[in-house]
Every structure is written in structure tokens, then in C-alpha cells.
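Letter by letter, the chains look like this.
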Amino acid sequence: MLPAIRTRFHLPTWIDRGILLAVLLACGCSLSLNVADPDLWGHIQYGRDCWQQGLPATTTYSYIAEGYRWINHELVAEFVLFAVNDNFGGRGLLVMKALLGFLVIGLIAYSAKKQGASLITIGGTALLVAVTLGNHWSLRPQLASYTCFTLELAILGFAFRGWEGDNRLNGSWLRSTCSRLGLSRLLERVTYCEQTGCENELNYGRGRLKALWLMVPLMVLWTNAHGGFLAGLCVLIAYLCLRGVEFVAHRGSDSWGMLRRFTLMIVVAAAATLINPYGSEFLVWLFDDLKVPRPEIVEWRAPDFFSLETLPFVILLCGWVSTLLFSKKRHDFTQTVILALLCWQSMTHLRHIAFFAIACGFWLPRHWQSILERVGATSCDSSLASGLSPRMAPVFAGLILLACLLTGGKLASRLSQLKVEHKNFPVDAMEYIAREKLNGKMLVTFNWAQYALAAFGPKTPLEQGLLVHVDGRCRTSYSQAMLDEHFDFILGEQSPDNRYRDPRNAFDPEKALRNHRPDLILLSRAQQPGCDVMRRNEEEWCVLFMDGQSVLYGRRSRYDDPSNPDFVRNRPLTTETPEGYVSWPALPAYNVNQPTQVQTAACTPAATNE
């Protein structure tokens, strides 16, 4: 019995498994950003409101957009965020985010293994994709888009297994066409492709291609979770159309049946996007929304190639180019074209980098493996531990175990607490508002508005609280005129590269102070244009609270008149910048109807930064 046990325990095999585990844990650390996103409070609140009160037809929590049509296209994601938060808190949100990250990386690693990639190629691919996704993997509905895109590529890979990873722009039909047109050079290339051939023919049996029907429920889910479904639909249409081109080139007139099938799948997938609470109105709104640029939102700007955060994307881009130049494997025509399109979009908008990274993770490992084999670095069946001596193998195993413990410990620490950092959010100002029981209409800077409405927004029509001016819902809940009014005040005059405004609306940085007469203004002190406007209007506004990060103004006629019942006597003013963080959700105890003054806000005491 003892010899049998020794036979089963093969140390190099377990070392390889340990390396893979360490890589996956390192990927988890890259995808475990544990700081609150500015819009997270709002998404949770909107999901909770919709679950309890039904889908609102007009914008909520805003005093400027009352009665304005609200197209909420992220309902499924908001339901999930609210359900996880209300049942498991911030830790549950982080664990959910980590599990989605492991799903994405796991499917990429599995796909790489099916392509014959070695452990070093699988690990390198997983790490590069995870690091590239790291800055995009925050607790927002975008997670739904990135996860659904991963599932889309996995379904396409399964349905076209045996056809993917090869260049099918060849065949007797294409060869005869080239011959008739006198395209001798192209004819030589086609003939060469035919001679070298591919032994894996696509299985026309209805089995694998039936998996394409999974795109229908996926599109329904994706459409109701995040607007990124449009990118997924475009990739699906491009993929099936390009495969259709390959079928025509490879089989000529025999391909019409398959082309009809692809056309049906495109029509059905597109029709599935109509299954949403707004029907075709949603698609019309989305089309109009995409026509207008959004440079004031950082994720819609082009990447800065001199930024450290963009470095993983640059490395990934170089890795793709290297496959085109040095890989001995034949390049898949469809995959290459789609990667080029995704690269183009990534060069234009930061948020599309994640789609490019996921596509590279699925489609490039075979080429990276080819390059490594070409330089003699690895082979598809090599083990990283097979060449170790009997003495070094246990030492190496111990190091791998230590790496797993360290990365696992780091990951567990990251998942233990969702941080609301003082440097990013006006936690002290929120506590002050709750302590003084301020209510009415508050113009708060764009990135803090959803924090404010979750903390102070009236949850019922009869409840008092604070309404905000404009928040992160942007064009789903506000007209361009409303957004121009807000950003004229907050950002002032900017170049078209930094913000878009309707040229028909006259620039007026003080309109936000006159329109609907707000009671409170909460600004970041770093937003100089807004602070300058407030200094020019000191006769109407007084400072109620100030620290090194934020400043809260109140209308003098309400808060600076001792005869007014809303007069505020306590006005902490400091220039010190708060440090550290508090635990999610950092919502202060707030009850404007409570007769006694609210005590210290119910936030977890600030901790020091790691």
C-alpha cells in the first residue's frame, strides 16, 4: 500500500499545481480593489427603491430634474448590488466581485489550456489580463458587461471549436475565383493554405452550433444589466459575419445554409435586446445618447500612454503585435479583425480596454506559446518543476507554498473591508450635515452626489431630507441643459477635450445658484471654478463647514440669520486634510424629524491607511 501512495504523489505535478494556484491568487489580488466607487451608493439605493416601490418613471432624488424621464438601463446589476449589500454588507460585495474575477480568469485559463498552452503561458496570460483589468474591476454595473463578454467569447469558442484559431480564407471556390481574376500572388497564398491545410474541420453536426442559442438569454440579461451590451452585440454580429465570409471563401455555394443560420442568430440576438422595461424606447434613447461625446467622464477619454495605469494595456498591445510578427501559428481571420476593432475602441475610450484584454486572453495564448517555443523557452507538455533536482524540488515546493500563503493572505485582507477613503469622499462633511439635521436642496459636486442622496435623500414622498442637483446617472436622468448648468458651475469653461456642452446653451456659471434656489452647496476645494463662483457671491452664502478637502456653503437668509429656526451656530472650519478611511457604507445617522440633536454619525471610526 505504501508504494502505491508514493506512486500517486508526484512532487513536480503538485509544484505545477501550486504555481497555478499562486498565479490565480495573484490575479485575485489584482482584481480585488477594495475602495468604494463614487456611484456605488446610488446603484444600491436605486436597486432597493425599485425592488420596494417599483420602477420609477422619472428621475428621483433631484430637485432640478423632477418629472424628467429616467431610463434605468442597469436594473439587474443594481438588484444584485442591493441584495448582496443588504444581506452581506461591504465584505459580501467584495467577495462577489472577486468571484466574478475568478470566473473570468478561470475561463481564460481553461481556454488557454485547450489551445495547448504550457503552464508558463497560461500563468503569464492570466496575470497580464488580470493586471490590465485591475483598474476597471470596481463595484459598478460595468462588471456585468465584462463578465457577460467573457461568457460570450466562451460560448463562441465552444460553438466554433475546430474552426477557431485557423485561417479559413481558402478553398477551391476562392482559388478558382483568384485564377479567373488573374490574382496570381493571392492564388499562390491560397494554394499554400490549402496544401498546409487544417486537419480540424468544423463539425456541422447541429451539436456545437446549437450553443449559439445561449446568446439569447445572455443578451436579455446583459441588456438589463448594463449599456455595454451594445459592444457585445456588435462583436457577435462582426464575429458571425466574418465567419460567414470564411464559409463563403472555403465552401462557395455550399455555405448558404450556414449563412442563413448565422443571419437568424443575429436577428434573434438583436431582437432579444428589446426585452427590457422600455422596449424600443430604450434603444432609441441609447442611440441618441451615444451620438454625444462624454469627455467629462474619465472612462470615456482616450488612454494616456504616459500614465503608469496604462502600462498593462501597452504591454498587452505589444504582446498582440508580437503574435502578428513572430507566431508560427496561422492567424484566425475573424479574431484578428475583431481584436483590431477592439484595439481601435480602446485607443478612443478607456473603458473598452477591458474588452480588448479579455479577447486577448481568449485568442492569443496559442500564439504566445508559439513564440516561446520558437525561442526555446517552453513546450506545451513541459513541466516547470520537471527539471529540478531531488534536493531542490522540496525547496522550490516550499517557496511556492509560501507564495500561496502570502498572496492568499493579501487577498483575504483585501476582501475583509470595503473602504470609504477620506481623500476621495467628504465623510466629515456628511457627518456634519447629519449632526445639524440640514435639509432642503443641496448642490453637491458630481462625484459625491450619490453618496449624499443615499445618506440624506427622502425615501418616501412625505419624508424630509436633501435633494441633489445632478448625480452620476448623467444622461439617463438629466437633459443636456441640466448637465451644462451643473458643469458650468463645477468645472467652468473647459476645452472640448475635457467636457462637452451644447453650444446652443449660453455659458453661465452662476445659473445653478439661481435656478431652483438651492439651500446648500457642497464642493471639493480642488474644484477651483466653483469655489471662485462662491467667493463672488459671498453676500448670499456663508461657510458652514470646511476642511482641507471640502467646503459646505449655506444660504445666508436661512442659516446665518439668528432669528431663523434653521440658524446654524456650530461651524467647524479647518484647513487640515482628513486621512485614513471608514468602513462601508459610511452613512451617518440622519433623522430631520428627531427632536434632539443627532449625535456622532454612525460611521466606523477612521483607521489608518495600510
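Before any of the text, the structure's been laid out above.
Treat the numbers as computed from the prediction; the structure is a model and nothing was measured.

Asks: Which residues make up helix α18 (residues 392–415), and what values do they have?
Replies: Here α18 spans 34 Å end to end across 24 residues, near enough to the 34 Å set by a 1.5 Å rise per residue. Packing partners of the buried residues in α18 comprise α2 (11–30) and α4 (75–114).

Asks: Could you give an account of the packing of aromatic side chains, naming the residues involved and the relevant values?
Replies: For the coordinates displayed, the defined rule picks out 23 aromatic pairs. When the centroid spacing of 5.6 Å and the interplanar angle of 75° are considered together, the rings of W51 and F79 count as edge-to-face. Of the two residues, W51 is situated in helix α3 (residues 40–53) and F79 in helix α4; the sequence distance between them amounts to 28 residues. Considering the side-chain rings of W137 and Y146, the 6.2 Å spacing of their centres and the 20° angle between planes classify their relative orientation as stacked.

Asks: How would you sum up the pattern of salt bridges? Please name residues and give values.
Replies: A side chain of one charge can pair with a side chain of the opposite charge if their charged atoms are brought near each other. Using the criterion set out here, one finds 21 salt bridges in the structure. A salt bridge links E540 to R555, with the nearest nitrogen and oxygen atoms 3.6 Å apart. Of this pair, E540 sits in the loop between α23 (528–536) and β5 (541–546) while R555 sits in strand β6 (residues 550–555), and the two are 15 residues apart along the sequence. For E540, a relative accessible area of 36% gives the class partly exposed. Owing to a relative accessible area of 5%, R555 belongs among the buried residues under this scheme. Overlapping salt bridges, with partners in common, bring together E164, R243, E246 and D332 in one network.

Asks: So, the packing of helix α10 (residues 215–223) against helix α12 (residues 256–272): which residues are in play, and what are the values?
Replies: Running from amino to carboxyl end, α10 crosses α12 at an angle of 25°, the nearest separation of the two axes being 8 Å. Considering the angle they form, α10 stands roughly parallel to α12. With respect to the hand of their crossing, α10 and α12 are arranged in right-handed fashion. Of α12, the residues touching α10 (which contributes V216, M219 and V220) are V268, A269 and A272.

Asks: Pulling in residues and values, what's your account of unusual backbone geometry?
Replies: Here the bond from W584 into P585 is cis, since omega is 10°, no more than 30 degrees from zero. Here P585 shows up in the segment after β7 (581–583). Positive phi is not limited to glycine here, since K437 has a value of about 55°. Looking at the element boundaries, K437 is found in the loop between α19 (427–436) and β2 (440–444). Overall, K437 belongs to the buried group, its relative accessible area being 18%.

The rules behind these values
- Residues numbered from 1 in each chain as written.
- Predicted model: local features only at pLDDT ≥ 70, side-chain atom pairs only at ≥ 80, totals over all residues.
- Heavy atoms only, no water.
- Helix = DSSP H or I, 4+ residues; strand = E, 2+ residues; numbered from the N terminus.
- Expected span 1.5 Å × (residues − 1).
- Contact = heavy atoms within 4.5 Å.
- Phe/Tyr/Trp six-rings, centres within 6.5 Å; stacked < 30°, edge-to-face > 60°.
- Salt bridge = Lys/Arg side-chain N within 4 Å of Asp/Glu carboxyl O.
- Buried < 20%, exposed > 50% of the residue type's maximum accessible area, 1.4 Å probe, protein only.
- Axes fitted to C-alpha atoms, helices over the stretch in contact; angles between N-to-C directions.
- Parallel < 35°, antiparallel > 145°, perpendicular 65-115°, else oblique.
- Left-handed = near helix turned anticlockwise from the far one by under 90°.

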